[in-house]
Protein chains: 2
Amino acid sequence: MINRLVEKIKKTEAPIVVGLDPTMKFVPEHIQKKAFAEYGETLKGAAEAIWQYNKAIIDSIYDLVPAVKPQIAMYEQFGIEGLTAFQKTVDYCKEKDLIVIGDIKRGDIGSTSEAYAVGHLGQVMVGNTMCRGFHEDFVTVNPYLGSDGVKPFIKVCKEEKKGIFVLVKTSNPSSGELQDRLVQTETGTADRPLYEIVGEQVAAWGAECMGETYSYVGAVVGATYPEQGRILRDIMPKAFILVPGYGAQGGKGADLVHFFDRDGLGAIVNSSRGIIAAYQQEQYAGYGGENFADASRAAVLAMKEDIGQALAGRK
Amino acid sequence: MINRLVEKIKKTEAPIVVGLDPTMKFVPEHIQKKAFAEYGETLKGAAEAIWQYNKAIIDSIYDLVPAVKPQIAMYEQFGIEGLTAFQKTVDYCKEKDLIVIGDIKRGDIGSTSEAYAVGHLGQVMVGNTMCRGFHEDFVTVNPYLGSDGVKPFIKVCKEEKKGIFVLVKTSNPSSGELQDRLVQTETGTADRPLYEIVGEQVAAWGAECMGETYSYVGAVVGATYPEQGRILRDIMPKAFILVPGYGAQGGKGADLVHFFDRDGLGAIVNSSRGIIAAYQQEQYAGYGGENFADASRAAVLAMKEDIGQALAGRK
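Residues numbered from 1 in each chain as written. Chains lettered and ligands numbered in written order. Predicted model: local features only at pLDDT ≥ 70, side-chain atom pairs only at ≥ 80, totals over all residues. Heavy atoms only, no water.

Is there a simple way to explain the overall build of chain A in this structure?
Within chain A one finds twelve helices and twelve strands. Rg of the C-alpha trace for chain A: 19 Å, near the compact-globule value of 20 Å for 315 residues, within the 12% margin. Oriented by its inertia axes, the alpha-carbon framework of chain A measures out at about 65 × 55 × 35 Å. Looking at chain A as a whole, 64% of its 315 residues are labelled buried. Roughly 11000 Å² of accessible area belongs to chain A as shown, and the carbon and sulfur atoms make up 49% of that amount. Charged side chains of chain A number 34 positive and 40 negative; the gap between the two group centres comes to 3 Å. (Helix = DSSP H or I, 4+ residues; strand = E, 2+ residues; numbered from the N terminus. Rg over C-alpha atoms; globule rule 2.2 N^0.38 Å. Buried < 20%, exposed > 50% of the residue type's maximum accessible area, 1.4 Å probe, protein only. Areas by Shrake-Rupley, 256 points an atom, 1.4 Å probe, with all protein chains shown as cover. Lys, Arg positive; Asp, Glu negative; His and termini not counted. Charge placed at Lys NZ, Arg CZ, Asp CG, Glu CD.)

Okay, here's the thing in structure tokens:
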């Protein structure tokens, strides 16, 4: 799957992933109205609204980008109905030949992590039959519980040729509270931040399951921390980096160059509300709520241009 | 809710939570057969089997313990059908007046963490209507992303009078890879493990939302690390400690005393397979698969005895 991601990035010339993180306030009124008319102001009504909203955006952008990243929390908040919309979204994106990165940030221990891994990337045994629950191509994984939490995912990735992105340095303001803590190393002094230690683990885990150029084990490093991105790029030379925090969170194309290798590969940049709610921004307001999906397409093209220029400017 | 947990522990004299973490290999054959006859070897068949299995155990133990802790991964592995069984289990336990701790280990940033919080503990706005997705009483939360990830949960806890348990020192063998790292403190030297820093954060977060004696913000500390439990008990005097790792993972009653306050409160000990799959253990094999729920009841009584003796022995 990592090889396919690299191929698709080359083909689309867009190291971009669209974050499908719908909240009700992004969904245009005409879609909400129609869904509520059919199902009422219920969880089912909300799920129908976000599904129709997603579908229109996917139809509008699927030829431009290699991948999408649905954030499962935004669906889980609507309970079972919301998760059914998550599943429909994943399945529909795969029909459209998009690679799906499930932003699930799961992480537990042993058989419990394995349950998440088979539920999202693999197959689960029922009696003598193998069944699939959700089926994303990649998922994000939280490393706080150590190798016990990550290795069950890697096992499933090997079997299924799928991949993970481990949280290393997240894009949010408070990510440093734990991740930037200086920790003691072999030298006996506290000379390295925790995220570098996690980066080294990612590199070690990844060495066990390599694709052609990159590993199945990637990393999440926020666009909002470009300097850390440069260091982590060196620590994890074979890890693909998923970069959230572009656009709405403050990251710009120029901040991103250090996340990439010299050949312009090795990273994929996420934008969520900057694309899916583009029509609510001043720049794209002309499209109006009715043409929200066209606004999203325009925002993808602008992002592609921004990142392309930044990478070209580096050489 | 934390006050209610304390009351129920006093009433049952059992600081015990039963982990409802069903896997197919725990479910007795007669239940599997019946479910597969009805729904086939499908996700729906699996979900029906684990629901019937849970229900029998709940019916057998609900008067003995204050709380249950369903591990959502074990349901999520069966996709939407599995999560529907999770929801049914949560609802049924609440009907039986059990406190439900959703072991979800979620953690994300800002509005995304808030989505998890409202989805599991609160209410979500749909149009002008407030709706509930899942509704546990407590959930477990992963702190790797810092305050941004935890505070949205605390906000919802305040509104709903519910609670969280933050992962501080987990019970698994590799928990030390990150959690035990010595980090630099104000003194300039690396003299404290990361879990102590997280423990201090838990104490600080918890001070903002106190129940009568304990805070709504608790902590997870594994039974397998009794010495760390003693230290963390002092660092977080107002935090209730959820203690996994008893029984199958190796923790014993005598290891647990330091997690408790002198009055025998302040901690609640989880056992999962030791109770729900008791009938598969040599000690309870006499019950047989047909009477698995009676074996679970016997295992709860034995655990209550073990912990009670350890606490009494301390005084």
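What exactly am I supposed to notice about the sheet that holds strand β7 (residues 163–169) of chain A here?
Pairing between the strands of a sheet comes from backbone hydrogen bonds, and it takes one of two forms, parallel or antiparallel. Residue and element names in this part refer to chain A. Ordered by their spatial adjacency, eight strands build a closed barrel running β1-β2-β3-β6-β7-β10-β11-β12, and the pairing between neighbours is parallel. Strand after strand, the sheet turns through a mean of 30° between neighbouring axes, direction not considered. As paired strands, strand β2 (residues 67–70) and strand β3 (residues 99–106) are joined by two bridges and run parallel to one another. In the strand pairing of β3, Val68 is matched with Val100. Against the sheet, helix α12 (residues 292–314) touches β1 (16–20) and β12 (267–271), its axis set at about 140° to β1. (Pairing = 2+ DSSP bridges. Axes fitted to C-alpha atoms, helices over the stretch in contact; angles between N-to-C directions. Contact = heavy atoms within 4.5 Å.)

Would you mind showing me how to read the state of the cysteines here?
Should the sulfur atoms of two cysteines be covalently bonded, the bond is a disulfide. Residues and elements named next belong to chain A. Considering all chains together, one arrives at zero disulfides over all chains under this definition. Note on Cys93: no disulfide assigned, nearest cysteine sulfur contributed by Cys157 at a separation of 19 Å. Residue classification places Cys93 among the buried residues on the basis of a relative accessible area of 1%. (Disulfide = S-S within 2.5 Å.)

Whenever I open this one, the pairing of strand β9 (residues 190–193) of chain A confuses me. Can you help?
On a regular strand, each side chain points to the face opposite its neighbour's, so the side chains alternate between the two faces of the sheet. The pairing of strand β8 (residues 182–184) of chain A with β9 of chain A spans three bridges and is antiparallel. Bridge pairing in β9 of chain A links Leu182 of chain A to Pro193 of chain A.

What am I meant to see in the packing of aromatic side chains here?
When we look at a pair of aromatic rings, we describe it by the centre distance and by the angle of the planes. Scanning the model with the defined rule gives 16 aromatic pairs over all chains in all. Through a chain of ring-to-ring contacts, the aromatic side chains of Tyr53, Tyr279 and Phe292 of chain A assemble into a single cluster. Over the ring of Tyr225 of chain B we find Lys169 of chain B; its NZ or CZ atom is 3.9 Å from the centre of that ring. (Phe/Tyr/Trp six-rings, centres within 6.5 Å; stacked < 30°, edge-to-face > 60°. Lys NZ or Arg CZ within 6 Å of the ring centre and 35° of its normal.)

Can you walk me through the packing of helix α2 (residues 29–39) of chain A against helix α3 (residues 43–61) of chain A in this structure?
When two helices pack together, their arrangement is captured by the angle between the axes and the distance separating the axes. Residues and elements named next belong to chain A. The geometry of α2 relative to α3 is characterised by a closest axis approach of 8 Å and an angle of 140° between their N-to-C directions. Classified by the angle between their axes, α2 and α3 sit oblique to one another. In this structure, α2 crosses over α3, and the sense of that crossing is right-handed. Of the residues in α3, those touching α2 at Ile31, Gln32, Ala35, Phe36 and Tyr39 are Lys44, Gly45, Ala46, Glu48, Ala49, Gln52 and Tyr53. (Parallel < 35°, antiparallel > 145°, perpendicular 65-115°, else oblique. Left-handed = near helix turned anticlockwise from the far one by under 90°.)

Help me understand the relation of the copies chain B and chain A in this model?
One chain copy maps onto the other through a rotation about an axis and a shift parallel to that axis. It takes a turn of 180° to lay chain B on chain A, together with a shift of 0.0 Å along the axis; the resulting RMSD is 0.0 Å. Here the copies are linked by what is in effect a two-fold axis. Proximity to the rotation axis, assessed at the C-alpha, singles out Val183 of chain B in chain B; its C-alpha lies 2.1 Å from the axis. (Least-squares fit on C-alpha atoms with pLDDT ≥ 70 in both.)

What should I look at first to understand the sheet that holds strand β6 (residues 138–141) of chain B in this one?
Here eight strands make up a closed barrel; going around it, the order is β1-β2-β3-β6-β7-β10-β11-β12 (chain B) and the pairing parallel. Looking at each pair of strands side by side, their axes are set apart by 30° on average, direction ignored.

Just to check I follow, could you spell out the nonpolar core for this structure?
Among soluble globular proteins, nonpolar side chains are generally buried collectively. If you look at the biggest cluster of nonpolar residues, it comprises 242 residues, and the most contacted ones within it are Leu5, Ile164 and Met236 of chain A together with Leu5, Ile164 and Met236 of chain B. Ile164 of chain A has contacts with Leu121, Phe138, Val139, Val141, Val150, Phe153, Ile154, Cys157, Tyr216, Val217 and Gly218 of chain A, leaving out every residue within four places of it along the chain. (Core = buried A, V, L, I, M, F, W, Y, C linked by side-chain atoms within 4.5 Å.)

Can you help me understand helix α3 (residues 43–61) of chain B in this one?
Side chains of residues three or four places apart in an α-helix project in the same direction, reflecting 3.6 residues per turn. Between its first and last C-alpha atoms α3 of chain B spans 27 Å; for 19 residues at 1.5 Å apiece the expected length is 27 Å, and the two agree. The buried fraction of α3 of chain B is high, at 14 of 19 residues. (Expected span 1.5 Å × (residues − 1).)

Please explain the interface of chain B and chain A as it appears in this structure.
A common way to state how big an interface is: give the accessible area lost once the parts meet. Taken together, the 71 residues of chain B in the interface contact 71 residues of chain A. The contact between chain B and chain A buries some 5700 Å² in all, and 59% of this surface belongs to carbon and sulfur atoms. Contact with chain A buries area across many residues of chain B, yet Ile80, Tyr144 and Leu178 of chain B alone supply 14% of it, more than any other trio. Taken together, the links from chain B to chain A amount to four salt bridges. The interface formed by chain B and chain A holds 35 residue pairs in polar contact (both at pLDDT 80 or more) in total. (Buried area = accessible area lost by both parts, 1.4 Å probe. Salt bridge = Lys/Arg side-chain N within 4 Å of Asp/Glu carboxyl O. Polar contact = N/O pair within 3.5 Å; in protein donor to acceptor, adjacent residues only side chain to side chain.)

What am I meant to see in the pattern of salt bridges here?
Two side chains that carry opposite charge are able to pair once their charged atoms sit near each other. Inspection of every chain in the model, using the stated rule, returns 40 salt bridges over all chains. The closest approach of N and O atoms between Lys105 of chain A and Asp103 of chain A, which form a salt bridge, is 3.0 Å. Each member of the pair, Lys105 of chain A as well as Asp103 of chain A, carries the same accessibility label: buried. A salt bridge links Asp261 of chain A to Arg233 of chain A, with the shortest nitrogen-to-oxygen separation between them at 3.5 Å. Of this pair, Asp261 of chain A sits in the loop between β11 (241–243) and β12 while Arg233 of chain A sits in helix α10 (residues 226–235); the two residues are 28 residues apart in sequence, bridging distant segments of the chain. Each member of the pair Asp261 of chain A and Arg233 of chain A is classed as buried. What emerges from the salt-bridge pattern is a single network uniting Lys69, Asp103 and Lys105 of chain A together with Asp108 of chain B.

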